[in-house]
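If you want the building blocks of each chain, they are given just below.
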Amino acid sequence: MAAAGTSLSEDQFLCSICLDVFTDPVTTPCGHNFCKNCITEHWNISVPYQCPNCNKVFDTRPELQVNTFVSEMVSHFRQSAQQRASSSEQQAAEPGDVPCDVCTGTKLKALKSCLVCLVSYCETHLEPHLTASGLKRHQLIDPVENLEGRMCTKHGKPLELFCKTDQRCVCMLCSVLDHKSHDVVPLKEQYERNMVKLGKTEAEIQQMIEERRLKIQEFKRSVSVSREIADKEIAIKNHVFTELKEAIERNQAKVIESTEEKHRMTAKQAEGFIKELEQEISELEKRSAELEQLLLLEDHLNLVQKFSSLDAAPPTKNWTQVKVCPPSYEGTVGTAVDQLVEMLKNEMKKLLTEFELKTVQQYAVDVTLDPDTAHPRLILSEDGKQVHDGTVRKNLPENPKRFSRGLCVLGKQFVSSGKFYFEVQVKGKPYWGLGVVRESANRKGPITVSPNNGYWTIWLINENIYHSVTESLVPLSQKLKPEKLGVFVDYDEGLVSFYDVDAAALIYTYTGCSFTGKLHPFFSPCANQGGKNSAPLIICPVIPT
């Protein structure tokens, strides 16, 4: 139907009465076609009934029959005309498009290119390749320019093979003549292989892009972390230097006050001497005036009678050896500087310990007690945060994890790499033990709590804190009695540190430890001691210092 429609001209679909494309075409007995309305109107006013084309006269008004074939052809003609008009309006070739090689005048956009004809076709001109049996065998591809480049320059044949030996596209004749012994495959086969390789390359490139994007994110996170650490460091250093500056100013004020006090005492001493001297001068001047009056007397009797009382000078102090010596200021600055240096050392040590404690608190772990390890006398709270000696041994099933003699219990949590920190309240307890223990350490019978046996602990006994280096406890120099203890483990660096949290002071550090396996928090509330040591050990939430 489409082929027939394209071979007919527009004149064959025109009504001879209205001169327009048929509308509801009907056929007269003489075989001519008209619009139904046109022939009906014509016969309504024309008598006798005569064909407008051949002038044949009918005795009676003919019965009109709808011409189905012509109706279908007209319908197809209208659609084709609309499509051609639409193509002409909407698919005109633009810069960058491949134009149709057949179109004259305005070039339409090509829909396909033929590798046999070496021509690009728009939708209208492509129709023969879709309908004609001989043209259907031609190879059509998406429209491309320079179709001549797809032809062998030597033989004028399509480049439809690929020589793997020479890594070039060849035609059929090339494969027989010039590449006879070479490894030649169909171009499509090589295309598929290349597409697979390109897919892999694309995947690899995408993976490389993703890896680099992740690296960028990593670098950005590093910068962000660096900024955060730098801000913290700046804040800490500002705090340290502010504290040191204030300490220097306080010490400076003390030195100035001490110097001023020495001067005030010297001035006060001198003022006392001066006042005393001024009193003596006053007495002496009074006596001098009396003597001057006496020297003016000419009465011998009167002078002799008064002479005995005025002859001697009034009693005065011997000021010969009395001196007011300026105080010695030598060594004041040196002593002040020495005191300042010592004060700065202590202040720095305190500030650094505060910073260190604040740093390790970042590795806080929510520790809970493990009832399977608790000695039968120990009482654990329901939340697993408190433990004390209940004095009565409970009848519990045998458990290889349980301490059999030592009043001890372990935490459920453990550390096998990285850092680990927890805090315990020891307030009101004259006896306790805390630290960490190797999971494989002995828990049965007598226990020697030493690093050699897998125990890194400190103990409070009779108000003295001890630690263990070998097989015995060694006292520590600890003036403050901590109420809250912090325990920090750096597994990779091999150290265990203990802090007085409230005083922000370091109590002791085990260094150079060789850790193997898991380390668990260790707790010993020690014996009740008739109620003297009844307070529990309490695992506390960590609040940054």
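### With respect to the overall build of the chain
And step 1. Secondary structure assignment for the chain yields nine helices and 24 strands.
And step 2. For 545 residues, the compact-globule estimate of 2.2 N^0.38 gives 24 Å, and the chain exceeds it by more than 25% at 59 Å.
And step 3. Its C-alpha atoms put the chain at 205 × 95 × 70 Å along the principal axes.
And step 4. A buried classification covers 31% of the 545 residues belonging to the chain.
And step 5. Partitioning the contacts of the chain with sequence separation of at least 6, the portion at a separation of at least 24 is 55%.
And step 6. Of the roughly 34,400 Å² of accessible surface on the chain, a fraction of 54% belongs to carbon and sulfur atoms.
And step 7. The chain carries 63 positive and 71 negative side-chain charges, and their two centres are separated by 8 Å.

### Brief notes about the pairing of strand E23 (residues 519-524)
And step 1. With six of six residues buried, E23 lies mostly within the body of the structure.
And step 2. Of the strand pairs in this sheet, strand E14 (residues 409-410) and E23 are connected by two bridges, and their pairing is antiparallel. When the bridges of E23 are listed, Val409 appears paired with Phe523.
And step 3. Sheet analysis places strand E16 (residues 432-438) next to E23, joined by six bridges and oriented antiparallel. For Gly433, the partnering residue across the bridge sits in E23 and is Ser524.

### A short note on the sheet that holds strand E1 (residues 25-27)
Neighbouring strands of a sheet are bound in pairs by backbone hydrogen bonds; such pairs are parallel or else antiparallel.
And step 1. Reading across the sheet, the three strands line up as E2-E1-E5 and stay open at both edges, with antiparallel pairing between neighbours. A single partner strand is all that each edge strand has here, and the edge strands are strand E2 (33-35) and strand E5 (65-66).
And step 2. Where E1 lies against E5, two bridges are found, and the strand directions are antiparallel. Across the sheet, the residue bridging to Val26 is Val66, located in E5.
And step 3. In this fold helix H2 (residues 36-45) packs onto E1 and E2, with an angle of close to 90° to the strand it touches most, E2.

### Overview of the pattern of salt bridges
And step 1. Counted by the stated rule, this structure contains 13 salt bridges.
And step 2. Between Arg264 and Glu261 there is a salt bridge whose closest N-O contact spans 2.6 Å. Of the two residues, Arg264 and Glu261 are both situated in helix H7 (residues 187-295); the distance of three residues between them amounts to about one turn of the helix.
And step 3. When its relative accessible area of 35% is taken as the criterion, Glu261 is described as partly exposed.
And step 4. The shortest N-O distance in the salt bridge between Lys444 and Glu398 comes to 3.2 Å. Residue Lys444 is found in the loop between E16 and strand E17 (455-461), and its partner Glu398 is found in the loop between strand E13 (386-389) and E14; the two are separated by 46 residues along the sequence.

### What about the nonpolar core?
And step 1. Core analysis: the largest hydrophobic core is formed by 35 residues, its most contacted members being Val496 and Phe523.
And step 2. At the level of elements, strand E15 (419-425), E16, E17, strand E20 (484-490), strand E21 (495-500), strand E22 (505-510), E23 and strand E24 (537-540) are the ones that each hand at least two residues to this core.
And step 3. Apart from residues no more than four positions distant in its own chain, Val496 is found in contact with Val436, Trp456, Val487, Phe488, Val489, Tyr508, Thr509, Tyr510 and Phe515.
And step 4. Residues Cys15, Phe22, Ile39 and Val74 belong to the second largest nonpolar core, which totals 16 residues.

### As for the sheet that holds strand E7 (residues 119-121)
And step 1. Here we have three strands laid out as an open sheet, ordered E7-E6-E8, and antiparallel in their pairing. The open sheet has two edge strands, E7 and strand E8 (140-141), and neither has a second partner.
And step 2. Of the strands in this sheet, strand E6 (112-114), E7 and E8 are in contact with helix H4 (residues 123-131), which crosses E7 at around 110°.

### Side note on the side chain of Ser497
And step 1. By secondary structure assignment, the location of Ser497 is in strand E21.
And step 2. For Ser497, a relative accessible area of 3% translates into the label buried.
And step 3. Apart from the residues within four sequence positions on either side, Ser497 is in contact with Gly486, Val487, Phe488, Leu506, Tyr508 and Thr509.

### Considerations on H2
And step 1. Here H2 has its buried residues at Cys38, Ile39 and Trp43. Projection of H2 onto a plane perpendicular to its axis shows the buried side chains occupying an angular sector of 120°, all on one side. Counted as exposed and oriented over 90 degrees from the buried face of H2: Asn37 and Ile45.
And step 2. Its buried side turned inward, H2 meets E1, E2, strand E3 (49-50) and strand E4 (57-58).

### Section: the pairing of E24
And step 1. Alternating residues of E24 divide into Leu537 and Ile539 and Ile538 and Cys540, and every residue in both groups is buried.
And step 2. As judged from the two bridges shared by E13 and E24, these two strands associate in the antiparallel manner. Paired with Gln386 across the bridge in E24 is Ile538.
And step 3. Pairing between E15 and E24: three bridges, direction antiparallel. The residue bridging Glu423 from the neighbouring strand is Cys540, located in E24.

### Re the packing of aromatic side chains
And step 1. Taken as a whole and judged by the stated rule, the model has 13 aromatic pairs.
And step 2. A centroid spacing of 5.7 Å and a plane angle of 50° characterise the contact between Phe422 and Phe523, whose relative ring orientation is tilted. Of this pair, Phe422 sits in strand E15 while Phe523 sits in strand E23, and the two are 101 residues apart along the sequence. Grouping residues by exposure puts Phe422 and Phe523 together as buried.
And step 3. With a centroid separation of 5.1 Å and an interplanar angle of 80°, the aromatic rings of Trp456 and Phe515 are classed as edge-to-face. Separated by 59 residues along the polypeptide, Trp456 in strand E17 and Phe515 in the loop between E22 and E23 bring together distant segments of the chain. Note on accessibility: Trp456 and Phe515 belong to one class, buried.

### Here's the deal with unusual backbone geometry
Leaving glycine aside, a negative phi is the common case for residues, and trans is the common case for peptide bonds.
And step 1. For Leu118, which is not glycine, the phi dihedral falls at a positive 55°.
And step 2. By the secondary structure assignment, Leu118 is in the loop between E6 and E7.
And step 3. Relative accessible area serves as the criterion here: at 24%, Leu118 is assigned to the partly exposed category.
And step 4. Of note in this structure, Cys526 is not a glycine but carries a positive phi near 65°.
And step 5. Position of Cys526 relative to the elements: it lies in the loop between E23 and E24.

### Examining the confidence of the model for the chain
And step 1. Here the chain shows a mean pLDDT of 85. Residues at 70 or above account for 92%.
And step 2. Confidence over residues 1-7 falls short of pLDDT 50; this stretch has nine contacts with residues more than four positions distant or in other chains.

Quick notes on the rules
- Residues numbered from 1 in each chain as written.
- Predicted model: local features only at pLDDT ≥ 70, side-chain atom pairs only at ≥ 80, totals over all residues.
- Heavy atoms only, no water.
- Helix = DSSP H or I, 4+ residues; strand = E, 2+ residues; numbered from the N terminus.
- Rg over C-alpha atoms; globule rule 2.2 N^0.38 Å.
- Buried < 20%, exposed > 50% of the residue type's maximum accessible area, 1.4 Å probe, protein only.
- Contact = heavy atoms within 4.5 Å.
- Areas by Shrake-Rupley, 256 points an atom, 1.4 Å probe, with all protein chains shown as cover.
- Lys, Arg positive; Asp, Glu negative; His and termini not counted.
- Charge placed at Lys NZ, Arg CZ, Asp CG, Glu CD.
- Pairing = 2+ DSSP bridges.
- Axes fitted to C-alpha atoms, helices over the stretch in contact; angles between N-to-C directions.
- Salt bridge = Lys/Arg side-chain N within 4 Å of Asp/Glu carboxyl O.
- Core = buried A, V, L, I, M, F, W, Y, C linked by side-chain atoms within 4.5 Å.
- Arc of directions from axis to C-beta.
- Phe/Tyr/Trp six-rings, centres within 6.5 Å; stacked < 30°, edge-to-face > 60°.
- pLDDT = per-residue confidence, 0-100.

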